[in-house]
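# Fold and contact review
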Amino acid sequence: MVILADKAKDLRTVFRRYSLEAEPASPDAVIKTGLPSDPNFSKVAKGVIDGDAAAVESSLKAAFGAGIDPLTAINDGLIAGMNVVSDLYEKGLYYLPQVMIAADAMAVGIGVCEDKLGHPAEKKGLVVTHVAEGDIHDIGKEIVSALLAANGYEVINLGRDVPVEDVVNTVREKKPAMVTGTALMTTTMTAFPRIAARLKELGIVIPFVCGGGAVTREFVEAYDYGIHGVKAHHAPHLAAAAVKGKSWKTIREDYEDITGGYAYKW
Amino acid sequence: MALSSKDRVMLALKGKKDEIDRTPVTCANQTVTVEQMDNLGIYWPEGHSDAEKMAQLGMAAYKQCGLEVADAPFDQAVEAEILGCEVDLGKKKESIPSVPFHGYKEPGDVPIPEDFLEKGRIPTVLKAIEIMKKDVGEEAPVISHTNGPFSLAGHLGEINKILIMILRTPEKVKEFAEIGIDLIADYANAQFDAGADVVTVEDMLASTDILSPQMYDDFAAPFNTACIKKIKGPTILHVCGKGDLIVESMIGSGATNISVDMATDLNKAIPKTRGRCTIMGSVDTIKALFQGTPEIVREQVISNIRQGVDLVAPGCALSPLTKSELIKAMVNASIEYFAE
Ligand code: B12
Ligand SMILES: [Zn+2]
């Protein structure tokens, strides 16, 4: 989903328009508290928050000039910015387009950092994402994938309407730390228990985070490996837990702690 | 003299509460279920492309459950298909056609066939409407469906890309949406010519799950308004999701009726519609009609009636796995409520 900025024109006004006018609360307060204090990083983060790829690129170059190394810039600048974006989305101050454009600016920033490094940044771990067989609702999955990538995970995005066997085979071959599924229809979420059962038959044990409109905690916890993914921005936290070697059972039980204490309503 | 479902729905849509015996129970979106298919021995995907099968399935909820509507088509891909998008009709009996297309880069790349009413599945839909009209047209309203212009734009440009364009190249999104104005209006008018009583403009992608209310006003509302103005018969505007912040704009579209999702607060929405349009809603398609019981469905219907909806309807398209028992419970709840 890397789409380069067509125009680096006044994105800020566009953002302000869509976030402020529609909502009584101000995103500025959220941004202020979330921004890193070091100006080198805060400019990078702000570029991500504004979805302004050109600003991300120029502020990264300025940061390199000030002696900041690319890996630190990723963690303290780009990822810090993306965390603010997640927060704004969670609070209803940002809508999907703003998240997508931010993820896009972030991806541009990662590219700039990797160029400077001279090699791809080491990924924190591998995650496979997909939308259930028969289901084409992929907006949530795109966000999940973008947020995972933005947080330094390698993502194999299998797309939408993915047959059970394709998910199973990819997990078998690529050995990810975690696999996710998204389903928005009552008719399609039934693919998840089938995937879990197939993995089990093959002796593969893995956290399988399932989310999307129609999916409920009750449904997901009825099969082994299943963890109910509530919000897209929980995905990187869950992936971190999986990479650390936490079992699907532990992740299921500690969901609230792992995802940062956001109210987990069921 | 007892009213027919058709008269009841048509009067209710026009806000003539005094002339009807009870609140009708209808649907703005697709109503076909696997149970209905099993009873008929007619299935999807054939029911998406064969006019006779489409018509039989479109009448099934009325004939089998008493839901006061005959409808077609059942998917959102008809218009995109004639504009050159790849469409997957699905493999299973509960499969609904989708647009796996990766999107035109430019609005100018979209080929608009001169004789588009003769292309793709449009003749199938029109024929199915004719068949339904002949069969149940005296008793039940034929409600056919089109996309809203923004939703069509979402298929043409691919929604995830359109979302990014909204912030980067908003004019392009508007050009994509403009394509739908005349095309959808012409298609809707052809549906009326074929015998439709009402047309639902389904603007699924304009949901506030996806767009902010301001974006709705910029990229969906003006195009719905322009399109609906050109449609010659009564219309229902349906937008998915939480509609609280866009109800005012939905009403402004000029549609005869607005159909809101269960996530929308009826207590706030209904007063806004008064004297301007009518409103239908909003039995929960998942918690009540799919996972619920007749009792839960009944409670929701009665609560909708008490809140003052002009027509009771599911909040969105029925899941194909909905049980007939629960559709019947929805209809009976209104009948029983007004009998008491
Ligand atoms: C947009 C939309 C469409 C678009 C899809 C475009 C696209 N490329 O995705 C279009 C118009 C094409 C469409 C088509 C259809 N749709 Co639709 N659609 C919607 C709508 C309005 C919004 C869905 C959405 O994108 N939400 C926003 C995203 C971000 O939410 P999300 O995916 O759930 O993700 C969030 C969380 O769940 C979570 N999450 C998701 N996955 C994961 C994974 C992990 C690991 C984690 C941690 C979190 C997580 O993160 C996200 C937010 O933080 C909903 C209505 C609604 N209010 O939900 C109906 C809805 C999903 N659609 C529905 C239906 C019925 C259909 C159709 C069958 C309609 C028809 N008659 O043709 C077709 C389906 C075709 C098919 N084969 O799939 C129904 C499904 C009913 C059901 N539950 O069975 C819904 C619920 C409408 C309704 N109220 O009835 N639709
Ligand atoms: Zn809907």
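Structure: see above.
A few points on the structure. (Residues numbered from 1 in each chain as written. Chains lettered and ligands numbered in written order. Predicted model: local features only at pLDDT ≥ 70, side-chain atom pairs only at ≥ 80, totals over all residues. Heavy atoms only, no water.)

### Considering the pattern of salt bridges
For clarity, the threshold we go by: Within this document, salt bridges are pairs made up of a side-chain nitrogen of Lys or Arg and a carboxyl oxygen of Asp or Glu, the two lying within 4 Å of each other. We count a stretch as a helix when DSSP gives it H or I for four or more residues in a row; a strand needs E for two or more, and each element gets its number in order from the N terminus. We call a residue buried when its accessible area falls under 20% of the maximum for its residue type, exposed when it is over 50%, and partly exposed in between, using a 1.4 Å probe and counting protein chains only.
In total, this model carries 34 salt bridges over all chains according to the counting rule given. Between E201(A) and R198(A) there is a salt bridge, with the nearest N and O atoms lying 2.6 Å from each other. Of this pair, E201(A) and R198(A) are both found in helix α9 (residues 191-201), three residues apart, which corresponds to roughly one turn of the helix. Put simply, R276(B) and E248(B) hold a salt bridge, and the shortest N to O gap is 2.7 Å. Highlighted residues: R276(B) in the loop between α11 (266-273) and β6 (278-283) and E248(B) in helix α10 (residues 247-252), separated in sequence by 28 residues. Since its relative accessible area comes to 44%, R276(B) is described here as partly exposed. The partly exposed category is assigned to E248(B), whose relative accessible area is 40%. Each of R8(B), D21(B), R22(B) and E68(B) takes part in salt bridges that share partners, so that together they form one network.

### A word on the nonpolar core
The condition is simple: By nonpolar core we mean a set of buried residues, namely Ala, Val, Leu, Ile, Met, Phe, Trp, Tyr and Cys, connected to one another through side-chain atoms within 4.5 Å. Throughout, the edges of the domains are those of an automatic or database domain assignment. Any pair of residues with heavy atoms lying within 4.5 Å of one another is described as a contacting pair.
Formed by 204 residues in total, the largest nonpolar core has its most connected members in L78(A), L67(B), F150(B), I166(B) and M330(B). The greatest single-element share of this core, amounting to 13 residues, is contributed by helix α8 (residues 170-194) of chain B. When we break this core down by domain, the ones giving at least three residues each are domain 1 (16-117) and domain 2 (126-259) of chain A. Non-local contacts of I166(B), meaning those with residues more than four positions away in its chain, are made with F150(B), V173(B), L211(B), M215(B) and F219(B).

### Focus: the site of ligand 1
Let me state the cut-off plainly: Working definition: residue near molecule or strand if any one of its non-hydrogen atoms lies within 4 Å of it. Any N or O atom pair separated by 3.5 Å or less is treated as a polar contact, with the protein-specific requirement of one donor-capable and one acceptor-capable atom, and with residues adjacent in sequence counted only for side-chain atom pairs. In this classification, the charged set is Asp, Glu, Lys and Arg, the nonpolar set is Ala, Val, Leu, Ile, Met, Phe, Trp, Tyr, Cys and Pro, and all remaining amino acids, among them Gly, are polar.
Around ligand 1 lies a shell of 46 residues, among which H137(A), T182(A), T186(A), Q76(B) and D209(B) are the nearest. Those residues lying near ligand 1 are distributed over chains A and B. Here L184(A) contributes a backbone N or O atom positioned 3.2 Å from a nitrogen atom of ligand 1. Every element with two or more residues in the shell around ligand 1 is listed here: α7 (139-150), β3 (178-182) and β4 (208-211) of chain A. When grouped by side-chain class, the residues that make up the shell around ligand 1 number 22 nonpolar, 17 polar and seven charged.

### Brief notes about the coordination of the cobalt atom of ligand 1
Going by this rule: Because no water is among the atoms considered, metal sites can look incomplete, with donors defined as N, O and S atoms within 2.8 Å of the metal, or 3.2 Å for Na, K and Ca.
When only protein atoms are considered, the cobalt atom of ligand 1 has one donor, H137(A) (NE2), at a distance of 2.3 Å. Mapped onto the fold, H137(A) is located in the loop between β1 (126-131) and α7.

### Things to note about the packing of aromatic side chains
Residue and element names in this part refer to chain B. Under the convention used in this document: Each Phe, Tyr or Trp ring (for Trp, its six-membered ring) is paired with any other whose centre lies within 6.5 Å, and the angle between the two planes then decides the class: stacked below 30 degrees, edge-to-face above 60, tilted in between.
Taken as a whole and assessed by the stated rule, the structure comprises seven aromatic pairs over all chains. Ring geometry for F101 against Y104: centres 4.9 Å apart, planes inclined by 55°, an arrangement best described as tilted. One exposure class covers both F101 and Y104, and it is buried. Between Y337 and F338 the ring centres are 5.2 Å apart and the planes differ by 80°, which places this aromatic pair in the edge-to-face class. In this structure Y337 comes out as partly exposed when scored by relative accessible area, which is 23%. Take F338: its relative accessible area is 34%, and that puts it in the partly exposed class.

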